[in-house]
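# Examination of the molecular architecture
Now for the letters of each chain:
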Amino acid sequence: MRTAPLTGSSTGQRRRIWSYWRFYLALSPFYVLFAVFGLYPMLSTIVLAFQRWDGLSARRFTGLDNFAFLIKDPTFWTALENTVVLFVLSTVPTLVLALVLAVMLQSAVRFTNVYRIAYFIPNVTSLVAMAIFFSSIFSTNFGLVNAALRSLGIPQQDWLGQPWGIKIAISTMIVWQWVGYNTLIYLAGLQAIPKDQYEAAKVDGAGAVRTFFSITLPQLRPVVLFTVIMSTIGGLQTFTEPQVMVGNSGGTGQSGMTVVLFFYRAAFLDNDYGYAAAIALSIFLLVLLFTAINWRIFRGRGEDR
């Protein structure tokens, strides 16, 4: 029994692929821009991490020296600790408060569009302007926070002059910025839950708390997973808030020094681009690690159920 030659089928397949050249041409700007502004910088960063370069002289290959120095650098570990602490202090309150506001907004009858616009305004406001504004709020002598403390008979605090005060100020700003954005995402997820499930729970006599934990929260698990991952990626790359509020030094005791701010100092203040590239790779691995952990925790719980 004879079989048809493979050359004809492969030729026909190539012709079929080339018949879509117009679609490939329409998509080509994206791939060109990605190759120039995405792929090339990533590959260049990986190569630069194994070199020593000040931006002017010739590059010199140093192997793993940048990574060895990074592991021994105490400033890096301080920045890593600060980044994780700020991530926890900002992400957990943001997502919890966003979920509560979304449930309240879902049950609201009047002015829902006004609430949605008001919640989203912080997310589209200039980040630098917000950082300056929050610096004024947490100012020692003229800040609104200390004014409220004085009115209650509580001694004022030097928020931007002590380690935990800096962390609280930065975390508060991050919460204010992102709580509205996550609220709208949760609200969209709530609106996708079938109403008959709530009606059945009401008929069975389930209260609001039991309905929330038995129906609302399980149905929102994919949305919660999305917000956790996105908050992880954004929280571990905190830069503008501490850079504007406490400066490039990270403030008192470098308590506002994050990994990205440390990267900025190494690259654009110390002109050590090879070391900065090594820091950038460590940031990538850090984000990848925390994202995988969050995915395993939330996804694993969903599969167990």
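Let me sum up the structure you'll find in this document. Since the structure is predicted, the reported quantities are computational estimates derived from the model, not experimental observations. (Residues numbered from 1 in each chain as written. Predicted model: local features only at pLDDT ≥ 70, side-chain atom pairs only at ≥ 80, totals over all residues. Heavy atoms only, no water.)

## Considerations on the nonpolar core
- Among the nonpolar cores identified, the biggest contains 20 residues, and Val259, Phe262 and Ile279 are the most heavily contacted of them.
- Broken down by element, this core gets its largest block of residues, seven residues, from helix 14 (residues 273–304).
- Non-local contacts of Val259, meaning those with residues more than four positions away in its chain, are made with Phe76, Ala79, Leu80, Thr83, Ile279, Ser282 and Ile283. (Core = buried A, V, L, I, M, F, W, Y, C linked by side-chain atoms within 4.5 Å. Buried < 20%, exposed > 50% of the residue type's maximum accessible area, 1.4 Å probe, protein only. Helix = DSSP H or I, 4+ residues; strand = E, 2+ residues; numbered from the N terminus. Contact = heavy atoms within 4.5 Å.)

## Observations regarding the packing of helix 5 (residues 112–124) against helix 8 (residues 163–191)
- Closest axis-to-axis distance for the helix 5/helix 8 pair is 6 Å, and the angle between their directions is 135 degrees. Our classification of the angle between helix 5 and helix 8 gives oblique. The hand of the helix 5/helix 8 crossing is left-handed. Touching Arg116, Tyr119, Phe120, Pro122 and Asn123 of helix 5 are Trp176, Gln177, Trp178, Gly180, Tyr181, Thr183, Leu184, Leu187 and Gln191, all from helix 8.
- In the contact of helix 5 with helix 8, the residues fall into eight nonpolar, five polar and one charged. (Axes fitted to C-alpha atoms, helices over the stretch in contact; angles between N-to-C directions. Parallel < 35°, antiparallel > 145°, perpendicular 65-115°, else oblique. Left-handed = near helix turned anticlockwise from the far one by under 90°. Nonpolar A, V, L, I, M, F, W, Y, C, P; charged D, E, K, R; others polar.)

## A closer look at the packing of aromatic side chains
- One pass over the structure, following the stated rule, counts 16 aromatic pairs.
- With 5.3 Å between their ring centres and 70 degrees between their planes, Phe76 and Trp77 make a pair best called edge-to-face.
- For Trp77, a relative accessible area of 44% corresponds to the partly exposed category.
- Seen in terms of ring centroids, Phe212 and Phe213 are 5.1 Å apart; in terms of plane orientation they differ by 85 degrees. Their pairing is edge-to-face.
- Through a chain of ring-to-ring contacts, three or more aromatic side chains come together here, namely Phe69, Phe76, Trp77, Phe262 and Tyr275.
- Over the aromatic face of Trp53 sits the side chain of Arg59, whose NZ or CZ is 4.4 Å from the ring centroid.
- Lys167 extends its terminal NZ or CZ atom over the ring of Trp164, reaching a point 5.7 Å from the ring centre. (Phe/Tyr/Trp six-rings, centres within 6.5 Å; stacked < 30°, edge-to-face > 60°. Lys NZ or Arg CZ within 6 Å of the ring centre and 35° of its normal.)

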